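Topology and contacts: notes
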Amino acid sequence: MARSDPVRGYLSSAQKAELAELAEAVLDEHSDGVGPVDPARIIRAKGLRLVFGDYREAFDGLLRHRSGRFTVFCNLTRVETNTSPRARFVLCHELGHFFIPNHRNALRSGLAPHHPSFCEYESKLFVEQQADCFASNLLLPRSQFLTEARKKGTRDGLKTILALARLFGTSVTAAAIRYATLGASPCVVIKWNPNRYGWKWLSEDAYAAGYRKTIEDPAAVLEGSATAAAFGASKPPAEGYFKQATTAAFWFPFVKPGSNKDVILHEHAMPLGRFGALTFLYPLDGALP
Ligand SMILES: [Zn+2]
């Protein structure tokens, strides 16, 4: 949970590595490595109470410490069912607050307020990013995820991401972010909130190649593009996403049209209902100059 003065900031790679290690240790203890992780089982095994209820838009999840006992609350209004991909992420996120020593101790000592969690990378608060990072490692363990990504093909964009999301029981957003941050192949993921830019994740090689700043104004998205189609659609097409070819110069304002950096990209995009839309960009020939 957050300290009383919310701290904004970004996780360093050392901090991310530490959270990955912590999640791995939890998996070693609580998962047989077959099939998707079961966060409810871990919650029960650790003696925490688990309560699903309708709490309007107050939070996605919440970890409370009272009279020596931890309780995880999960908001069905926001996650829909006990076992939806979003519910699974929320439970893993709250487990993050339990397993990260500073978070647990702050709750136990009464220093932390019962601050509400909004999951899946919606919060820029440092403690929330820590819990999101832990959740991502718990749901999508690095080596298993990369093995499956390579099996399913790293040149198929959202088609592969959708298959990975199904396999690991996560949302497409969580799988796409994991795919980019683990560098399964060069790509850029942009998460749009309804009517505005949300977040962006670059694979390390995309960052190193200088593909960093993208357009962030939804109004600047080209009419007729896959992303524009996703903005205008209430649900994904039969295939699961819209696709179009695009160019780097269109998406990256610092890439000059016609320059050698102006490569052709695949643009895959899907509407996420009330959560906005997702754009997935990757080079047509598999590599960036
Ligand atoms: Zn939280």
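Comments concerning the coordination of the zinc ion
Geometry sets the ideal angles at a metal, namely 109.5 degrees for four tetrahedral donors and 90 or 180 degrees for six octahedral donors. Those donors, H93 (NE2), H97 (NE2), S117 (OG), E128 (OE) and E128 (OE), are the protein atoms that reach the zinc ion, and they lie 2.0 to 2.6 Å from it. Donor residues for the zinc ion, ordered by position in the chain, follow H-x3-H-x19-S-x10-E. Taken together, the positions of S117 in the loop between helix 5 (101–108) and helix 6 (126–139) and E128 in helix 6 put the pair 11 residues apart, joining distant regions of the chain. For E128, a relative accessible area of 1% translates into the label buried.

Notes on the pattern of salt bridges
Under the criterion given, the structure shown has 8 salt bridges. Notably, a salt bridge pairs D60 with R86, separated by 2.9 Å at the nearest N-O pair. You can see D60 sitting in the loop between strand 1 (49–53) and strand 2 (61–66) and its partner R86 sitting in helix 4 (residues 85–99), a full 26 residues away along the chain. The same class applies to D60 and to R86, which are both buried. Linking K200 and E216 is a salt bridge whose minimum nitrogen-to-oxygen distance equals 3.6 Å. Of the two residues, K200 sits in strand 5 (residues 196–202) while E216 sits in the loop between helix 10 (204–208) and helix 11 (226–232), which places them 16 residues apart along the sequence. Assessed through its relative accessible area of 31%, E216 is described here as partly exposed.

Quick look at the packing of helix 7 (residues 142–152) against helix 9 (residues 172–181)
The geometry of helix 7 relative to helix 9 is characterised by a closest axis approach of 11 Å and an angle of 95° between their N-to-C directions. When the axis of helix 7 is compared with that of helix 9, the two are roughly perpendicular. For the pair helix 7 and helix 9, contact is made by R142, F145 and A149 and by A175, R178 and Y179, respectively. A breakdown of the residues in the contact of helix 7 with helix 9 according to their chemical character gives 4 nonpolar, no polar and 2 charged.

Focus: the sheet that holds strand 1
Read across the open sheet, the 3 strands follow the order 1-3-2; overall the sheet is mixed. At either end of the open sheet lies a strand with only one pairing partner, and these are strand 1 and strand 2. Adjacent strand axes in the sheet meet at a mean angle of 25° when their direction is disregarded.

Let's talk about the packing of aromatic side chains
All chains considered together, the criterion is met by 15 aromatic pairs. Centroid distance Y55 to F73: 6.2 Å. Interplanar angle 90°. Geometry classified as edge-to-face. Taken together, the positions of Y55 in the loop between strand 1 and strand 2 and F73 in strand 3 (residues 69–75) put the pair 18 residues apart, joining distant regions of the chain. Using a relative accessible area of 26% as the deciding quantity, one classes Y55 as partly exposed. A residue is classified by how much of its surface remains accessible, and F73, at 14% relative accessible area, is buried.

A look at the pairing of strand 7 (residues 264–271)
The element strand 7 is largely enclosed, with a buried count of 6 among its 8 residues. Across 6 bridges, the pairing between strand 6 (residues 242–247) and strand 7 is antiparallel. Bridged to A245 within strand 7 is H266. As paired elements, strand 7 and strand 8 (residues 277–283) share 7 bridges and run antiparallel to each other. When the bridges of strand 8 are listed, H266 appears paired with Y282.

Let's talk about the domain arrangement of the protein chain
Split into domains, the protein chain comes out as domain 1 (13–139) and domain 2 (142–283). Taking only C-alpha atoms into account, the centre of domain 1 sits 26 Å from that of domain 2. Taken together, the 19 residues of domain 1 in the interface contact 15 residues of domain 2. Buried area between domain 1 and domain 2, summed over both chains or domains, comes out near 1,400 Å², and the portion from carbon and sulfur atoms is 47%. The tally of links between domain 1 and domain 2 comes to 1 salt bridge. The shortest N-O distance in the salt bridge between R274 and E80 comes to 3.9 Å. Where domain 1 packs against domain 2, one counts 5 residue pairs in polar contact (both at pLDDT 80 or more). Residue assignment for the side of domain 1 that touches domain 2 shows that the elements contributing at least two residues are helix 3 (76–79), helix 4 and helix 6. Here the side of domain 1 that touches domain 2 is built from residues that sort into 5 nonpolar, 6 polar and 8 charged.

Let's talk about a negative patch on the surface
A cluster of acidic residues, E18, E21, E24, D28 and E29, forms a negative patch at the surface. Looking at the element boundaries, E18 is found in helix 1 (residues 13–30). Residue E18 is classed as exposed on the basis of its relative accessible area of 59%.

So, how was this worked out
Residues numbered from 1 in each chain as written. Predicted model: local features only at pLDDT ≥ 70, side-chain atom pairs only at ≥ 80, totals over all residues. Heavy atoms only, no water. Donors = N, O, S within 2.8 Å, 3.2 Å for Na, K, Ca; no water. Helix = DSSP H or I, 4+ residues; strand = E, 2+ residues; numbered from the N terminus. Buried < 20%, exposed > 50% of the residue type's maximum accessible area, 1.4 Å probe, protein only. Salt bridge = Lys/Arg side-chain N within 4 Å of Asp/Glu carboxyl O. Axes fitted to C-alpha atoms, helices over the stretch in contact; angles between N-to-C directions. Parallel < 35°, antiparallel > 145°, perpendicular 65-115°, else oblique. Contact = heavy atoms within 4.5 Å. Nonpolar A, V, L, I, M, F, W, Y, C, P; charged D, E, K, R; others polar. Pairing = 2+ DSSP bridges. Phe/Tyr/Trp six-rings, centres within 6.5 Å; stacked < 30°, edge-to-face > 60°. Domains from an automatic or database assignment. Buried area = accessible area lost by both parts, 1.4 Å probe. Polar contact = N/O pair within 3.5 Å; in protein donor to acceptor, adjacent residues only side chain to side chain. Patch = residues over 30% accessible without salt bridge, like charges linked within 9 Å, V, L, I, M, F, W, Y side chains within 5 Å. Areas by Shrake-Rupley, 256 points an atom, 1.4 Å probe, with all protein chains shown as cover. Lys, Arg positive; Asp, Glu negative; His and termini not counted. Charge placed at Lys NZ, Arg CZ, Asp CG, Glu CD.

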